[in-house]
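An overview of the molecular structure
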Amino acid sequence: MNFKEIIKITLNLVMVFIFAGVILALVYAKAEPQITLNKKVEKENALKALIPAAANITSIGPYQPLEDKTAHYYKAVDAKGNVLGYIAGSYSKGYSSILHMLVAVGTDMRVKAIKVLDEGETPGLGDDIRKKYFDDRFKGKSLDQLVVVKDVDPTKIQAITGATISSKACTKGVRAGVKFIMKQYGVGGQTTGAMGNAAAACPPAAGSGSNQPLKGVK
Amino acid sequence: MSEKERQFIVSVSPHVRSDVTVARIMWSVSISLLPALGMGLYFFGPRALAVVATCVVSCLVFEAGMQKWMGKPVTISDGSAFLTGLLLGMNLPASLWSFNPFLIHLPILGSFFAIVITKVLFGGLGYNIFNPALIGRAFLLISWPRAMTTWLKPTAGLLGMDAQTTATPLGILKEDGVGKLMEVFGTRTNLYTQLFLGHRAGSIGEVSVIALLAGGLFLLYKRYITWHIPITFLATVAILTWIFGGKDPQTGRIILFAGDPLMHLLSGGLMLGAFFMATDYVTGPSLRAAQVLFGMGCGILTSIIRLIGGFPEGVMFAILLMNCFAPLLDRVIKTSPFGTVKTAAAVPGGPKA
Amino acid sequence: MSAAQKVSYFGLIRNGIFGENPVFRVALSLCPAVAVTNTLKSGLLMGVAVFFVQVMANISISIVRKLIHARIRLPAYILIIGTWVTVANLLLAAYEWPIYKEIGLYVELIVAFAIILSRAELFASKNEVVPSFFDGLGMGLGFMFALGAISFVRELLGNGALLGYHVVNTHPVLLFALPMGGFFAVGLLMGFFNWIDIRFFGGHGASGAGH
């Protein structure tokens, strides 16, 4: 390889780099703000969908629902500043993936709603944890009701047929979130106004108010 | 001596090494399955008969139809399609037949997958890599996991028509542990007896160990199969489940040397798989030492799936996975004889590594 | 060169879709054909992304083909392809966020797709800009067609749906929705297209495809 070739190769590469760089810079400048906006809107929408009445949802801080996994938790207030509930991100190990979910907890420490953000469970079986019919089974449940059973039982979490492991994993993640919020904000409610709101949002569940010891909590 | 043996070993399938014809072997294996089938029909009633008959008929129809369509001679009288259909039917739960005209499609679809995709598209008998009946069952299990794990309660009566469902012993063990199993079966002796006779939930043909053993011994006696694969398969499962099968009911941690090998040997499809499906001539290795390794591989995979996998039963996947290795095992064994240290020079004219 | 004079532009497109279909005949880029075809939507969108990259890469490589030193042509081509892949990825993320979330990971992998580099090396580096454009068009459409066909079969059989709408009201064949169903679908369709080629066009199947 002589000197002339080396120069040509160098110039070739420099030329390609410059053109590629210019194109990428132009596209990036145009696309980047939009991408940031997309990410923000997505997160806000997910949080908002869990507690629709909230006017403002603020992040409070990180915690660790699973080893090596850090999630954030949030507080939801309405326009007057009353606390409506809390939302905790949570992770848990599923059948074939790590589940990532959001758990909304009312001020009465009952689950308001859950949303599975990310999972890689078996399509057609385990991935039913994303579906509304299963997520609705968590509504209004307190920590000691978050137990997976196989039969029809509206006071517990009925497992998805054929996907007990995924159902258990999802419930475990929800438990972690609820437990953390309870630790932070106590078992009771905060203000009566907030209690009223939360009670209206979730249907009364059998066994509410009973002061059972928390069975099955390890 | 070994030089002489080497020349007579036929390692390209099909392995017809005597005057026994393919048809004769296939029909003999089918006959040896009859006691187990009879027990299945006795425990699960007419539904079981309907499932098995559907599988057999549709396997024969698919094989004949494909051969006609491809312009090849129709060879369904050799019994291989019949045997595939019989094994597939015996590997399915009787609940697949529910007297609902829209649900009979599962045995038919399984037969289609077994015959057309696994066997005919690969070139017909002798060219298939995988055991057709097991591929048919794997296809059904993966595609319709709910229907395929709905097990009828054995009712011990030829006309039992009620469709109560329950879990298989291995299913109970996986989901709820040994404690629940004991609760269901009472004592350990009762558990073993029920498993041995076949009074338990499961696939039609896998439940009755005593009938399967009778069929297996018949095949061994007639020398259609050798002991190498079944015995190593069973022994490996027994040893591994004995060592790693014990679990602390409180913490769920493994206690070494506390497993229950007898229960693992008697339950699931182990007997059916070890005697009738792992020993398939086409999809298994043909050299003795390779067969020993094949059986051990099946046993290891079965134990792994049963003890730590997601499925309660692993015989089917173990055999299918080892099917892939069968040609490789034959080759490995052939180039360096098992247990001997020989250089290439010591085997003049031997195949080059 | 000679190929441009002998083959019409329409012929180039037809060649990409049937004669040398990237997936079914040349058997390149099978990874995305298995990985992103569980629904018709993601399969088609992946096809569109590959189509865009293929056309743009073919054009730009054809433009610079005489300037690039033969010794570094492959790194230079990869750089060019990588640029267009990044552009496609950024545009998707900015304007089609839900789709980006579904197939974004695989879009980044387009840079390593054998079909794009192989067309750059075999065609664009030897031909004028216009034939290269049509070759890219044909190959891109062929890839899109293949992914569309595979994902059509998989979504219909695996979910009983098309583009997310339920069309078959029965228990679907779950196997086809799982990753292993991709292998079955690709293999069966490949056999099907070979059969069509042999039966109706007097071809020799995949063994007679390509070069």
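Computed from a predicted structure; not experimentally measured.

A few points about the overall build of chain A
The helix and strand inventory of chain A stands at four helices and seven strands. When the helices and strands of chain A are placed in sequence order, the string is α-β-β-β-β-β-α-β-β-α-α. Looking at the 218 residues of chain A, the share that counts as buried comes to 41%. Of the roughly 11800 Å² that chain A leaves accessible, carbon and sulfur atoms contribute 59%.

Here's the deal with the pattern of salt bridges
The tally for this structure, following the rule as stated, stands at 11 salt bridges over all chains. Its salt-bridge partner being Asp260 of chain B, residue Arg188 of chain B comes within 2.4 Å of it at the nearest N-O pair. Taken together, the residues Arg188 of chain B in helix H10 (residues 188–197) and Asp260 of chain B in the loop between strand E4 (254–255) and helix H13 (261–266) connect sequence positions 72 residues apart. The exposure class of Asp260 of chain B is buried, given its relative accessible area of 15%. The closest approach of N and O atoms between Arg119 of chain C and Asp135 of chain C, which form a salt bridge, is 3.1 Å. Placement of Arg119 of chain C in helix H7 (residues 114–124) and of Asp135 of chain C in helix H8 (residues 129–159) is noted, with a sequence separation of 16 residues between them. The exposure classification of Arg119 of chain C matches that of Asp135 of chain C, with both residues buried. Overlapping salt bridges, with partners in common, bring together Lys132, Asp136 and Lys139 of chain A in one network.

Considering the environment of Ala94 of chain B
Residue and element names in this part refer to chain B. Within the fold, Ala94 resides in the loop between helix H4 (80–90) and helix H5 (105–119). A residue is classified by how much of its surface remains accessible, and Ala94, at 1% relative accessible area, is buried. Ala94 has contacts with Phe44, Arg47, Ala48, Val51, Leu152 and Ile204, leaving out every residue within four places of it along the chain.

Here we look at the interface of chain A and chain C
Facing 25 residues of chain A, the contacting portion of chain C comprises 23 residues. Surface buried jointly by chain A and chain C totals about 2200 Å² across both partners, of which 77% is contributed by carbon and sulfur atoms. Interface area lost by chain A to chain C is led by Val16, Leu24 and Pro123 of chain A, which between them contribute 19%. Counting every contact that joins chain A to chain C gives zero salt bridges. Counting across the interface, chain A meets chain C through six residue pairs in polar contact (both at pLDDT 80 or more). A class-by-class count of the residues in the side of chain A that touches chain C yields 15 nonpolar, five polar and five charged.

Reading the values: the criteria
- Residues numbered from 1 in each chain as written.
- Chains lettered and ligands numbered in written order.
- Predicted model: local features only at pLDDT ≥ 70, side-chain atom pairs only at ≥ 80, totals over all residues.
- Heavy atoms only, no water.
- Helix = DSSP H or I, 4+ residues; strand = E, 2+ residues; numbered from the N terminus.
- Buried < 20%, exposed > 50% of the residue type's maximum accessible area, 1.4 Å probe, protein only.
- Areas by Shrake-Rupley, 256 points an atom, 1.4 Å probe, with all protein chains shown as cover.
- Salt bridge = Lys/Arg side-chain N within 4 Å of Asp/Glu carboxyl O.
- Contact = heavy atoms within 4.5 Å.
- Buried area = accessible area lost by both parts, 1.4 Å probe.
- Polar contact = N/O pair within 3.5 Å; in protein donor to acceptor, adjacent residues only side chain to side chain.
- Nonpolar A, V, L, I, M, F, W, Y, C, P; charged D, E, K, R; others polar.

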